[in-house]
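# Close look at the chain arrangement
Given next are the chains, with one letter for each unit.
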Amino acid sequence: MAVLVTGGAGYVGSHTCLELLNAGYEIVVVDNLCNSSSESLRRVNEVTGKDFKFYQIDLLDRQSLEEVFNQNKIEAVVHFAGLKAVGESVRLPLRYYHNNITGTLVLCELMQEYAVKRMIFSSSATVYGMSESVPISEKSPLGATNAYGRTKLIIEEIMQDVYVSDPNWSIAILRYFNPIGAHSSGRLGEDPNGIPNNLMPFITQVAVGGVKELQIYGNDYPTLDGTGVRDYIHVEDLARGHLKALEKVMATTGVEAYNLGTGRGYSVIEMVSAFERVTGRRIPYKMTDRRPGDIGICYSDPTKAERELGWIAEKGIEEMCRDAWRWQSNNPCGYIEEEEVLRTT
Ligand code: NAD
Ligand code: UFG
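Fair warning: this is a prediction, and the values are worked out from it, not measured in the lab. (Residues numbered from 1 in each chain as written. Chains lettered and ligands numbered in written order. Predicted model: local features only at pLDDT ≥ 70, side-chain atom pairs only at ≥ 80, totals over all residues. Heavy atoms only, no water.)

This paragraph deals with the overall build of the chain. Within the chain, the regular secondary structure consists of 12 helices and 14 strands. Computed over its C-alpha atoms, the radius of gyration of the chain comes to 19 Å, within 12% of the 20 Å expected for a compact globule of 345 residues. The buried share of the chain, reckoned over its 345 residues, is 52%. By sequence separation, contacts in the chain at least 24 residues apart represent 80% of the contacts at least 6 residues apart. Looking at the chain as shown, the accessible area adds up to about 15,000 Å², and 48% of this sits on carbon and sulfur atoms. Of the side chains in the chain, 34 bear a positive and 45 a negative charge, and the two mean positions are spaced by 2 Å. (Helix = DSSP H or I, 4+ residues; strand = E, 2+ residues; numbered from the N terminus. Rg over C-alpha atoms; globule rule 2.2 N^0.38 Å. Buried < 20%, exposed > 50% of the residue type's maximum accessible area, 1.4 Å probe, protein only. Contact = heavy atoms within 4.5 Å. Areas by Shrake-Rupley, 256 points an atom, 1.4 Å probe, with all protein chains shown as cover. Lys, Arg positive; Asp, Glu negative; His and termini not counted. Charge placed at Lys NZ, Arg CZ, Asp CG, Glu CD.)

If you want it as structure tokens, here you go:
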């Protein structure tokens, strides 16, 4: 019996594959590599010493995906596959709706057909929209401010309907706050395409010399130093959260949403200072205008996950910075080897 991991070559997916293998699960990975490289999976194999099957398949390709269900005895699905760039989703909403929603529909139809009714879905704190009241619990109002966020909200609603139609389903919706950091081996990490949008990959790019300075988007928020506050969570803690959720969905039926965060917020300035302290690198920055669509403060109330999944984030901000830096400095070009970059430029 195997766990099917969609989007397993990506940032959160690869770290979760590693934890699943280390915990003794058999896994089957499906990914079309539209935002990742198979090198991440090669390294999962290298770090764990365990083999697993990988299918380079698009979730929208029903026939190929059905082959995966035919060829393997799948008992549960951890569903990471999706597009996730907020700005791009505003420019290309149809691509996001098609990829994220239709991809999930094809997957769920096959699950239903093959009687695989246990599922973990990667949602996001973005489903809380412009919520300014913190900490954010699962009962906080939901809303979307862009097409990406709307795909998450719509899929959450689809999951609810699927369960209502057939109470044998067991679904955990995991709402991630801000995943950062990398595997402590320094072999796995976040490898964004082009210039990063998110804070931590941007900081590490500045530290490694790829980008001159960090732009801090706004210092007039109602926070301790005026810069935006977020709930950063170590990707290894996040990956462990999936194992806890998997235990839960294997043992029960139902559909439940859980916040995966630390419950503690840090400002942009606090993040820069922590990174500088831990790594000894200076991060030059300049203050600029607010980024459109950003909220001031966002951090979780993670007590439901602790109570019902027995999960709590363990790693602090210093470990997040240290591991992000170890990954970036060991792999300045991400999963592409430096020699390869030099050869092609
Ligand atoms: P990622 O882009 O690194 O991983 C997603 C993977 O899905 C990629 O490997 C990509 O190639 C694959 N994929 C996309 N569309 C596919 C399709 N149609 N068929 C097959 N494979 C496909 O992203 P991540 O950071 O690892 O995020 C994983 C999930 O968690 C996503 O659903 C994302 O929306 C969600 N999430 C991420 C964050 C974050 O900040 N990283 C926060 C909240 C939620
Ligand atoms: N920031 C900067 N400069 C940068 C990048 C970010 O000052 O170059 C600031 C932002 O303004 C914000 C904080 O750093 O205050 C964090 O920004 P990120 O872009 O890293 O993260 P967000 O909270 O804006 O969004 C992320 C994902 C979303 C997801 C959300 C909740 O990009 O997809 O977390 O999970 F929905």
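Inspection of the region around ligand 2 gives 22 residues, with Asn-198, Gln-215, Arg-230, Arg-291 and Asp-294 positioned closest. Separating an oxygen atom of ligand 2 from a backbone N or O atom of Tyr-176 is a distance of 3.2 Å. For ligand 2, the accessible surface in isolation is 690 Å², of which the surrounding protein chains cover 88%. Broken down by secondary-structure element, the contributors of at least two residues to the shell around ligand 2 are helix 7 (199-208) and strand 8 (214-217). For the shell around ligand 2, the leading source of residues is strand 8, giving 4 residues. (Near = heavy atom within 4 Å. Polar contact = N/O pair within 3.5 Å; in protein donor to acceptor, adjacent residues only side chain to side chain.)

A word on the sheet that holds strand 14 (residues 297-298). With mixed pairing, the 3 strands of this open sheet are ordered in space as 12-9-14. Looking at the sheet topology across the chains shown, the edges are occupied by strand 12 (266-267) and strand 14. Here 2 bridges tie strand 9 (residues 229-230) to strand 12, and the two strands are oriented antiparallel to one another. Directly across from Arg-230, in strand 12, lies its bridge partner Tyr-266. (Pairing = 2+ DSSP bridges.)

The next point concerns the site of ligand 1. Taken together, 27 residues form the shell around ligand 1, and within it Asp-31, Asn-35, Ser-36, Lys-84 and Tyr-148 come nearest. Here Gly-10 contributes a backbone N or O atom positioned 3.3 Å from an oxygen atom of ligand 1. Measuring from a nitrogen atom of ligand 1, one finds a side-chain N or O atom of Asp-58 at 3.0 Å. When ligand 1 sits alone it has 810 Å² of accessible area, and the protein chains cover 95% of it. Of all the secondary structure elements, the ones that give two or more residues to the shell around ligand 1 are helix 1 (11-22), strand 5 (118-124) and helix 6 (147-165). Taken together, the residues that form the shell around ligand 1 break down as 12 nonpolar, 11 polar and 4 charged. (Nonpolar A, V, L, I, M, F, W, Y, C, P; charged D, E, K, R; others polar.)

Moving on to the nonpolar core. Judged by nonpolar contacts, the single largest core of 38 residues is most densely connected at Val-5, Ile-27, Ile-120 and Leu-174. Apart from residues lying up to four places away in sequence, Ile-120 is in contact with Val-77, Val-78, His-79, Ala-172, Leu-174, His-242, Ala-245, Leu-246 and Val-249. Listed in part, the 30 residues of the second largest apolar core include Leu-65, Val-77, Val-106 and Ile-155. (Core = buried A, V, L, I, M, F, W, Y, C linked by side-chain atoms within 4.5 Å.)

In the numbering used here, UniProt assigns the "domain: NAD-dependent epimerase/dehydratase" (unreviewed entry) feature to residues 3-261. Along residues 3-261 the backbone is 41% helical and 20% strand, and the end-to-end C-alpha distance reaches 24 Å. (UniProt positions renumbered as here; feature names shortened; annotations may be inferred.)

A few words on the pattern of salt bridges. One pass over the full model with this rule turns up 22 salt bridges. For the salt bridge of Arg-290 with Asp-220, the shortest nitrogen-to-oxygen distance reads 3.0 Å. Here Arg-290, found in the loop between strand 13 (285-288) and strand 14, pairs with Asp-220, found in the loop between strand 8 and strand 9; they are 70 residues apart in sequence, far enough to count as distant. Under the relative-accessibility criterion, Arg-290 is labelled partly exposed at 41%. Among the ionic contacts, a cluster of salt bridges with common partners joins Glu-39, Arg-42, Arg-43, Glu-46 and Arg-187. (Salt bridge = Lys/Arg side-chain N within 4 Å of Asp/Glu carboxyl O.)

Two strands pair when backbone bridges link them, and strand 2 (residues 26-31) and strand 3 (residues 53-56) are joined in this way by 4 bridges, in the parallel orientation. Among the inter-strand pairings, Val-29 is bridged to a residue of strand 3, identified as Phe-54.

Moving on to the sheet that holds strand 1 (residues 2-6). If you trace the 7 strands from one edge of the open sheet to the other, you get 3-2-1-4-5-6-11, paired in parallel fashion. Every other strand in the sheet has two partners, leaving strand 3 and strand 11 (254-260) as the edge strands with one partner each. Across this sheet, the average inter-strand angle for adjacent strands is 15°, counted without regard to direction. The pairing of strand 4 (residues 74-79) with strand 5 spans 3 bridges and is parallel. Looking across to strand 5, one finds that Val-78 is bridged to Ile-120. Taken strand by strand, helix 5 (residues 93-113) contacts strand 1, strand 4 and strand 5, and its axis lies near 165° from that of strand 5. (Axes fitted to C-alpha atoms, helices over the stretch in contact; angles between N-to-C directions.)

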